[in-house]
Amino acid sequence: MKLKDYQETVLKKLKDYLESLADFRDKYDDIRRTIDDDNLVYDFPKLAFKKVIPKAGYHSKTNGLDQPLPDVYLKVPTGGGKTLLACHSIDLIHHHYLERKTGLVLWIVPSNQIYKQTINALKDRDHPYRQILDRSSGGRTIIKQKMDLFTKADVEQNLVVLMLMLPSASRQSKETLKLWRDRGGFSDFFPNEDDFPAQEELLKANPNLDCFTPLGGELKPDSKEWINMRQIKTSLGNTLRLLKPLIIIDEGQKAYSALARKTVEGFNPSFVLELSATLPEVSNKLVEITGKELNAEQMIKLDIHLFNKVSTDWKDTMLASVEKRKELERIAKDYEGNTGEYIRPICLIQAERTGRHQRGSGFIHSEGVKEFLIKQCAIPEHHIAIKSSEKDDIEGIDLLSRSSDIRFIITKQALQEGWDCSFAYILTILTNPGSATGITQLVGRILRQPFARKTKIKELDECYVMTFRPNAGQLVTEIKNGLEGEGLGDLAGRIVGDEGVDDTNNLKDRELKYREGFRQLVGKIFLPKFVLKDGKVWRDVKFENDILSGVDWDEIDISAVGDLALDNRTSPGEIFRVGMSEENGDEHFSSEKEATATGTLEVDEVFLTRQITDFIPNPWIGYEIGVKALKILRAKFAEERIAGNFVFIIEELKKILESERNRLAEKVFRKMIEDETFRFFIIEGTGGYVLPSKFSEKSNKKLNRADGTQLVRSLLDYVPDENINELERDVALYLDEQEKLLWWFRNMSRHDYFIQGWRKHKIFPDFIAAETADDEKDDYGKVWVFESKGEHLKNDDTDYKQHVFNLCNEVGVNRAGGELIETLGEAEFGFQLVYGDQWRNEMNKIFEAD
């Protein structure tokens, strides 16, 4: 594999340092031979470094034997070939400093993904990485893993590369103790267990070796007899310490915690070489490669095009991604026809959840994305893979092979590092708009240029980010930060946060129970719902079965399609370009707003039908509506114009259909109320809802009053302070101060009490509060159900909730004779929507003294 110019520069700088290091080491050895002084300080690694880079700062290191330790850092951006450089560096270090071809190399990586990728390449004798090592060792290379055994002869006669994950070296975990466990397979590195003089001599030369200590008897610890009976453990960890390995650390910034540094230096290394795109503050940077150098060598795809969708529906963003990938594949096939080089553009999708038990939790789940691609975009299932900690559809698959069909990979954070498929062109971010982790952690995954060579086709030499987040300025900033974090920008300091975690990973599981004064209410707090009679029982109203099924689709009005204004845009939204700045040659990234790119889907009635099935469940009716919509448009626009705006048309048609479906569903719902098919009441065991006796939540912080005192009117003994916004917190504290209230409850999980109206999504109110009964202070009177909304959130959804609440107040609570719950008494219910700009005034009116 021919080296790039910048890679030659890296290795030349390393060679210069190694030659200087060898000279100063020899001087150090000469001094040690002539001056017998254990306190002699001669920092030859620092002197050698300063000779090669006179003005650079240097952080001196020592190994576990307190010997000067050469430890240098190669700052190489993502896509710059760190593993290739590491293999060449092993040869240089052995030849110019260690003066050998055999011995032990300890190759440390931070994650399982990088581990698998690296060891598979090193074990493959046809891979360029392995071939470099074989040339260095004269064909005598052995690749080992942590649990593999090797002998003294193996190390003396071969280049032994031992792969190890950094967490496996830690001594704080029971799982990792295997590294330090006594094992017979390494016994030939150590004296016989009963040869105490030889054992003691080895310990004198290597005092940080692990030992068994004598047990029982009259010996005192640290006595001469006790010391003479110590026995060295024949563990892998001790073997490494004896062999004083050359250590290679991939993603070196991950090895800068106190424990990691102690672990690495405790292996008594003879040399440490670290490689990463991120530079820790206390590292010794020997060389830094810039993004411009990679771009000049055609290693990365630039510019990056950010498509920020106006739509807040993730499916619209996903549809735009499908369209863009199809466009790229058409271009790639033309390129292959002209050059014979195969490129299969892949779309990498970041979902919010991937866990088996997390679907249906209100987050965008990998299986939901996969289902959308299959059912509504007609993508074959074998073109889609999920990569997560639980499911790995790309394990063992060569994604660059023509035999692979994978075109979409769905993940959450499993591809944040160590994944270098150069066919990845599109990054689709479907994470929470409030999260700032997606782009910064995954941007590097789409940067590598296939075959490290530009195609001269603009579309195939660039990459694309699709998102539906509204803040375009923030997105551009995040992309820049992500590029800097990959070593591709003017990185002024360390970028932290490579390990993404779930929001709830560090929260404790808590069981919330009724407060002591309200235990008598357990199982007796009932709330009304819309229900219907199903045979002899009452059940909840269900949107699809009871409302949508009653819609007369012949009444749907899609005439608004004719008002659409079409142009050459693919879809509404902002498009930005992020690329290298040419100003003053500085290593900065610039951004600018582009004209919206062109690109089309073919006009396909069946494809259109798939996209609107969320609103029109009957595909035959959906097809007829789609044909009708296209007929309206064809009366005004040419077919080419329609094709150029097909995604835009689909998005706008979905809005029209949603509005019409809501209108017709409300008509059905109100008719059902009028003829009493639907009822709004409480019947024990069949209709309505009973508040559970206990709840489970994740929380580390308890909500208290503003003065820090405990809540006094909360129904539950613990109210989590997480996942509650400022308005909700204000309302909660207000309720707790109302003397007129007996109790209040935060409907915190949003999976408990709900109201099903005439739209698909249920309404989960924020709070439920019970007034104190006039005649009995320990019982409750009127029950209030509150939904709080910030002033800025007034929209169509808010209007809908207000209409539903008005209906609830209008129809009241109907009860059925003898089935009335006796404990409920004559309790009344009120439903109230309160806004951020007027909530206190409205609630004051509710709770003012009689």
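None of the values given here were measured: they were computed from a predicted structure.

1. Examining the overall build of the chain
- Each helix and strand counted, the chain has 23 helices and 28 strands in total.
- Counting over 850 residues, the chain shows a buried share of 54%.
- If you take every contact in the chain between residues at least 6 apart in sequence, the share linking residues at least 24 apart comes to 74%.
- For the chain, the exposed area adds up to about 38800 Å²; of that, 47% sits on carbon and sulfur atoms.

2. Describing the packing of helix α1 (residues 5-34) against helix α3 (residues 82-98)
- For the pair α1 and α3, the least separation of the axes is 9 Å and the interaxial angle reads 25°. In terms of their interaxial angle, α1 and α3 are classed as roughly parallel. Our pair here, α1 against α3, has a crossing hand that is right-handed. Of the residues in α3, those in contact with Gln7, Val10, Leu11, Leu14, Lys15, Leu18, Glu19, Leu21, Ala22 and Arg25 of α1 are Leu84, Leu85, His88, Ser89, Leu92, Ile93, His96 and Tyr97.
- In terms of residue class, the contact of α1 with α3 is made up of 11 nonpolar, four polar and three charged.

3. Description of a negative patch on the surface
- Residues Asp182, Glu193, Asp194 and Asp195 make up a contiguous surface patch of negative charge.
- Relative to the helices and strands, Asp195 is located in the loop between β4 (159-165) and α7 (196-205).
- Here Asp195 falls in the partly exposed class, since its relative accessible area comes to 32%.

4. Quick notes on the nonpolar core
- Counting 183 residues, the largest nonpolar core has Tyr17, Trp107, Phe271, Val369, Leu373 and Trp743 as the members making the most contacts within it.
- Of the residues forming this core, the biggest block, 13 residues, is contributed by helix α20 (residues 646-674).
- If you look at the next biggest cluster of nonpolar residues, it comprises 29 residues, including Leu69, Leu179, Phe190 and Val264.

5. Side note on the sheet that holds strand β19 (residues 537-540)
- If you trace the three strands from one edge of the open sheet to the other, you get β19-β18-β22, paired in antiparallel fashion. Of all strands in the sheet, those bounded by a partner on one side alone are β19 and β22 (678-681). For this sheet, the mean inter-axis angle between neighbouring strands, taken without regard to orientation, is 45°.
- As judged from the four bridges shared by strand β18 (residues 529-534) and β19, these two strands associate in the antiparallel manner. The residue of β19 that forms the bridge with Val531 is Asp540.

6. A closer look at the packing of α1 against helix α2 (residues 44-52)
- For the pair α1 and α2, the least separation of the axes is 8 Å and the interaxial angle reads 140°. Between α1 and α2, the crossing angle belongs to the class labelled oblique. The two elements α1 and α2 cross, and the hand of that crossing is right-handed. Along the contact surface, α1 presents Lys13, Asp16, Tyr17, Ser20, Leu21, Phe24, Arg25 and Tyr28, while α2 presents Phe44, Pro45, Leu47, Ala48, Phe49, Lys51 and Val52.
- Of the residues assigned to the contact of α1 with α2, the class counts are 10 nonpolar, one polar and four charged.

7. Observations concerning the confidence of the model for the chain
- Mean pLDDT for the chain: 82, with 80% of residues reaching 70 or above.
- Ranking the elements of the chain by mean pLDDT puts strand β21 (residues 589-593) last with 54 and strand β3 (residues 141-144) first with 96.
- Considering only residues more than four positions removed or in separate chains, one finds that residues 490-505, a stretch of pLDDT under 50, has 28 contacts.
- Counted against residues more than four places away or in other chains, residues 583-588, with its pLDDT under 50, gives 14 contacts.

8. Looking at the pairing of β4
- β4 sits mainly inside the fold: seven of its seven residues count as buried.
- Here β4 shows no split at all, with Leu159, Val161, Met163 and Met165 on one side and Val160, Leu162 and Leu164 on the other all buried.
- Here strand β2 (residues 103-109) pairs with β4 via seven bridges, running parallel. Opposite Ile108, over in β4, you have Leu164 as the bridge partner.
- Examined bridge by bridge, β3 and β4 share four bridges and lie parallel to one another.

9. Section: the side chain of Ser788
- For Ser788, the position within the fold is in strand β27 (residues 780-789).
- Reaching out from Ser788, the side chain makes a polar contact with the side chain of Asp766 at a distance of 2.7 Å.
- With near-sequence residues (within four places) excluded, Ser788 lies in contact with Leu727, Glu728, Val731, Asp766, Phe767 and Val834.

10. Here's the deal with the sheet that holds β2
- With parallel pairing, seven strands are arranged side by side in an open sheet as β3-β4-β2-β7-β8-β1-β9. In this open sheet, the two edge strands, each paired with only one partner strand, are β3 and β9 (285-288). Neighbour-to-neighbour, the strand axes of this sheet turn through a mean angle of 20°, independent of strand direction.
- Relative to strand β7 (residues 246-250), β2 runs parallel, the two being bridged by four bridges.

11. Quick word on unusual backbone geometry
- In the segment running from Leu302 into Asp303, the intervening peptide bond is cis, with an omega of 15°.
- With respect to the helices and strands, Asp303 occurs in the loop between α11 (291-296) and β10 (304-309).
- The phi dihedral of Glu99 is positive, around 55°, even though this residue is not glycine.
- Looking at where Glu99 falls in the secondary structure, it is placed in the loop between α3 and β2.
- Judged by relative accessible area, which is 59%, Glu99 ranks as exposed.

12. Some thoughts on the environment of Met318
- Mapped onto the secondary structure, Met318 falls in helix α12 (residues 314-339).
- Distance from Met318 to Ile349, taken between C-alpha atoms, is 8.7 Å for residues 31 residues apart in sequence.
- Dropping the residues within four chain positions of it, Met318 is found in contact with Cys347, Ile349, Val369, Phe372, Leu373, Thr428 and Leu430.

13. Re the pattern of salt bridges
- By the definition in use, this model includes 47 salt bridges.
- The salt bridge involving Glu288 is made with Lys75; its shortest N-O contact spans 3.4 Å. Of this pair, Glu288 sits in strand β9 while Lys75 sits in strand β1 (residues 71-75), and the two are 213 residues apart along the sequence.
- It is possible to trace a salt-bridge network through shared partners that takes in Lys61, Asp71, Arg261, Glu265 and Glu274.

14. Concerning a nonpolar patch on the surface
- Together, Val606, Tyr623 and Val627 give the surface a local cluster of nonpolar side chains, amounting to about 240 Å² of exposed area.
- With respect to the helices and strands, the residue Val627 is situated in helix α18 (residues 619-634).

15. A few points about the pairing of β22
- Alternating residues of β22 divide into Phe678 and Phe680 and Arg679 and Phe681, and every residue in both groups is buried.
- One ladder, built from four bridges, connects β18 with β22; its direction is antiparallel. Across the sheet, residue Phe530 finds its bridge partner in β22, namely Phe680.

16. A look at helix α13 (residues 366-377)
- For α13, spanning 12 residues, the distance from its first C-alpha to its last is 15 Å, which sits close to the expected 16 Å at 1.5 Å a residue.
- Taken as a whole, α13 has its buried residues at Ser366, Gly368, Val369, Lys370, Phe372, Leu373, Gln376 and Cys377.
- Packing partners of the buried residues in α13 comprise α12, β11 (346-350), β12 (384-387), β13 (408-411) and α17 (605-611).
- Where α13 ends, the next residue or the one after it, Ala378, has phi of about 60°, a positive value.

Basis of the calculations
- Residues numbered from 1 in each chain as written.
- Predicted model: local features only at pLDDT ≥ 70, side-chain atom pairs only at ≥ 80, totals over all residues.
- Heavy atoms only, no water.
- Helix = DSSP H or I, 4+ residues; strand = E, 2+ residues; numbered from the N terminus.
- Buried < 20%, exposed > 50% of the residue type's maximum accessible area, 1.4 Å probe, protein only.
- Contact = heavy atoms within 4.5 Å.
- Areas by Shrake-Rupley, 256 points an atom, 1.4 Å probe, with all protein chains shown as cover.
- Axes fitted to C-alpha atoms, helices over the stretch in contact; angles between N-to-C directions.
- Parallel < 35°, antiparallel > 145°, perpendicular 65-115°, else oblique.
- Left-handed = near helix turned anticlockwise from the far one by under 90°.
- Nonpolar A, V, L, I, M, F, W, Y, C, P; charged D, E, K, R; others polar.
- Patch = residues over 30% accessible without salt bridge, like charges linked within 9 Å, V, L, I, M, F, W, Y side chains within 5 Å.
- Salt bridge = Lys/Arg side-chain N within 4 Å of Asp/Glu carboxyl O.
- Lys, Arg positive; Asp, Glu negative; His and termini not counted.
- Charge placed at Lys NZ, Arg CZ, Asp CG, Glu CD.
- Core = buried A, V, L, I, M, F, W, Y, C linked by side-chain atoms within 4.5 Å.
- Pairing = 2+ DSSP bridges.
- pLDDT = per-residue confidence, 0-100.
- Polar contact = N/O pair within 3.5 Å; in protein donor to acceptor, adjacent residues only side chain to side chain.
- Expected span 1.5 Å × (residues − 1).

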